[in-house]
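What follows is the residue order along each chain.
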Amino acid sequence: MCSSDLGLPPLISLLSSSDDKIQEQAAVALRNLSVNPQNELQIVQEGGLRPLVALLRSSNDKVQRQAAGAIANLTVNPKNKLKLVQAGGLAPLVTLLRSGSDKVKEHAAGAMRNLSMNPELEPDMLREGALPPLISLLSHPEMKIQLQSAVAIRNMSVTPDSKVKIVEEGAIGALIALLRSPDLRLQEQSAVIFRNLSVNSENKVTIVEAEAVPPLLALLRPPQEPAALEGDPEYEGQLAAYRQQLKVQEQAAGALRNLSMHADNKPKMVSLGCIPPTLLLLNSEEPRIQEQGAGILRNMSVSAPHGKLMVSDGCVPMLTDLLKSTDLKVQEQAAATIRNLSATAELRPALVQAGTLPLLIELLSSPEEKIQEQAGVALRNLSDTVK
């Protein structure tokens, strides 16, 4: 359908009316039309973006709401994101994040969420001051607003500069609160942000000092499988919740794995009870979760005292089973952990008795050189134990 068929030119002209009610109705119509992906580009091509941006500065809440809603829809299209920035849309959106009504804030945060998916726009977003109000909205009582803001921050937390700025702006406290949210989606977003932030070495220490480890450990709990049978009315909902819990578990484990890489964090994490819930991850049916669990243990086992704790807690049979995994990433982490444990002489008998030797020998023929290396060093260490 062409723009004339949609009636776009007259609708767009009405956005510039001096009557608030006419502005609102025109914005409503464009917002409804912009739900259709085929219309997103046409509305912008016909010049609808700049008058909508102008309406973001309206003193009328209803006009603001409809304009922000339309812009949130339009910025779903990747081609419209840069055009919104070029049209000067960032500054009024940031203002609305701070001072708009709840519905306006929701739409403004939704637009920021869409823009944040384009890494090239991140410097513009930071320059316009989008980060502080987004962080503030993480503590908003409305869950929809929290979620939109969290996803935007999640997207921004990928880049090195934003990893630092998010922490500097004081986001950690609000993110810890989201880890304890009853909403699984918010738990996941927060865990992903912590996983991204914890790539930065200084952030690793700051996050642990802020006491983020206990709520992250709580999210390692095994997900609840559907109690209903397939075909029952409740089954699909329970299955969706189960899958969401798996996502939360994986992201929390990924964050803890990053945190456990820093030498200063290892003793603190062990003292907080990190090892037992991590061992449970090795029993997961999901290889990606097994990998994260074994990765945490690999980092911890660099320390001989921590390795001894892991062995006393029963890690050896679980790690031995993971050497048989068909997933190469799981194999690598398990072999590397066994390598670290085998560096301590008193732990070697337990490793040999668990049957690691033939499995390690088999891994010498792995297609992955890293696995070959880990298995080879472990075998060298354990050879002293074999009589």
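The structure presented is a predicted model; accordingly, all values stated were derived computationally and were not measured.

Here is what the cut-offs are and how they apply
- Position numbers for residues count from 1 along each chain, tracking the sequence in the order it is written.
- At least 70 in pLDDT is required for a residue's local features to be given in this predicted model, at least 80 for side-chain atom pairs to be given and counted, and no such filter applies to totals for whole chains, interfaces and linings, which use all residues.
- To obtain the side-chain values, all non-hydrogen atoms of the structure were included, while hydrogens and water were left out.
- Segments assigned H or I by DSSP are reported as helices when at least four residues long, segments assigned E as strands when at least two residues long, and all are numbered from the N terminus.
- Using a 1.4 Å probe on the protein chains alone, a residue whose accessible area is under 20% of its type maximum counts as buried, one over 50% counts as exposed, and one in between counts as partly exposed.
- What makes two residues a contact is simply this: any of their non-hydrogen atoms within 4.5 Å.
- To be clear on the numbers: accessible area is Shrake-Rupley with a 1.4 Å probe, and residue cover counts the displayed protein chains and nothing else.
- To obtain each axis, a line is fitted to C-alpha atoms, and for helices this fit is confined to the stretch in contact; angles are then taken between N-to-C directions over 0 to 180 degrees.
- Here the angle decides the label: under 35 degrees means roughly parallel, over 145 means roughly antiparallel, 65 to 115 means roughly perpendicular, and every other value means oblique.
- For a crossing to be left-handed, the near helix must be turned anticlockwise from the far one by less than a right angle; the clockwise case is right-handed.
- Residue classes follow a fixed rule: Ala, Val, Leu, Ile, Met, Phe, Trp, Tyr, Cys and Pro count as nonpolar, while Asp, Glu, Lys and Arg count as charged, and any other residue, Gly among them, counts as polar.
- Any Lys or Arg side-chain nitrogen found within 4 Å of a carboxyl oxygen on Asp or Glu counts as a salt bridge.
- Nitrogen and oxygen atoms within 3.5 Å of one another constitute a polar contact, given that in protein one can donate a hydrogen and the other can accept it, and given that sequence-neighbouring residues count only through two side-chain atoms.

Caption draft 1: Structural detail: the overall build of the protein chain. A count of helical and extended segments in the protein chain gives 27 helices and zero strands. Taken along its principal axes, the extent of the C-alpha atoms in the protein chain is 95 × 45 × 40 Å. Scored against the burial criterion, the 387 residues of the protein chain give a buried share of 55%. Considering only contacts within the protein chain whose residues lie at least 6 apart along the sequence, 70% involve residues at least 24 apart. Summed over all atoms, the accessible surface of the protein chain reaches about 17,300 Å², with 50% contributed by carbon and sulfur.

Caption draft 2: Representation of the packing of helix H3 (residues 20-33) against helix H6 (residues 61-74) within the structure. Where H3 contacts H6, the two axes come as close as 8 Å, and the packing angle between them is 20°. Judged by the angle between their axes, H3 and H6 are roughly parallel. H6 is crossed by H3, and the crossing has left-handed handedness. Contacts between H3 and H6 involve Asp20, Gln23, Glu24, Ala27, Val28 and Arg31 from the former and Lys62, Val63, Arg65, Gln66, Ala67, Gly69, Ala70 and Asn73 from the latter. For the contact of H3 with H6, a count of residues per class yields five nonpolar, four polar and five charged.

Caption draft 3: Highlighting the pattern of salt bridges. One pass over the structure, following the stated rule, counts 13 salt bridges. Ionic pairing is found between Arg257 and Glu291, a salt bridge with its closest N-O pair at 3.4 Å. Here Arg257 is found in helix H18 (residues 235-259), whereas its partner Glu291 is found in helix H21 (residues 287-300), with 34 residues between them in sequence. By relative accessible area, Arg257 is classed as buried at 18%. Under the relative-accessibility criterion, Glu291 is labelled buried at 15%.

Caption draft 4: Seen up close, the packing of helix H23 (residues 315-322) against helix H24 (residues 328-342). One can describe the packing of H23 onto H24 by two numbers: an axis separation of 8 Å at closest approach and a directional angle of 140°. Classed by the angle they form, the pair H23 and H24 counts as oblique. Note that H23 runs across H24; the crossing there is left-handed. Side by side, H23 and H24 meet where Cys315, Leu319, Thr320 and Leu322 of the first sit next to Val330, Gln331, Ala334, Thr337, Ile338 and Leu341 of the second.

Caption draft 5: Focus on the side chain of Gln146. With respect to the element layout, Gln146 can be found in helix H12 (residues 143-156). Of the polar contacts made by the side chain of Gln146, one reaches the backbone oxygen of Leu138; its length is 2.9 Å. Setting aside residues up to four positions removed in sequence, Gln146 forms contacts with Leu137, Leu138, Ser139, His140, Leu178 and Leu186.

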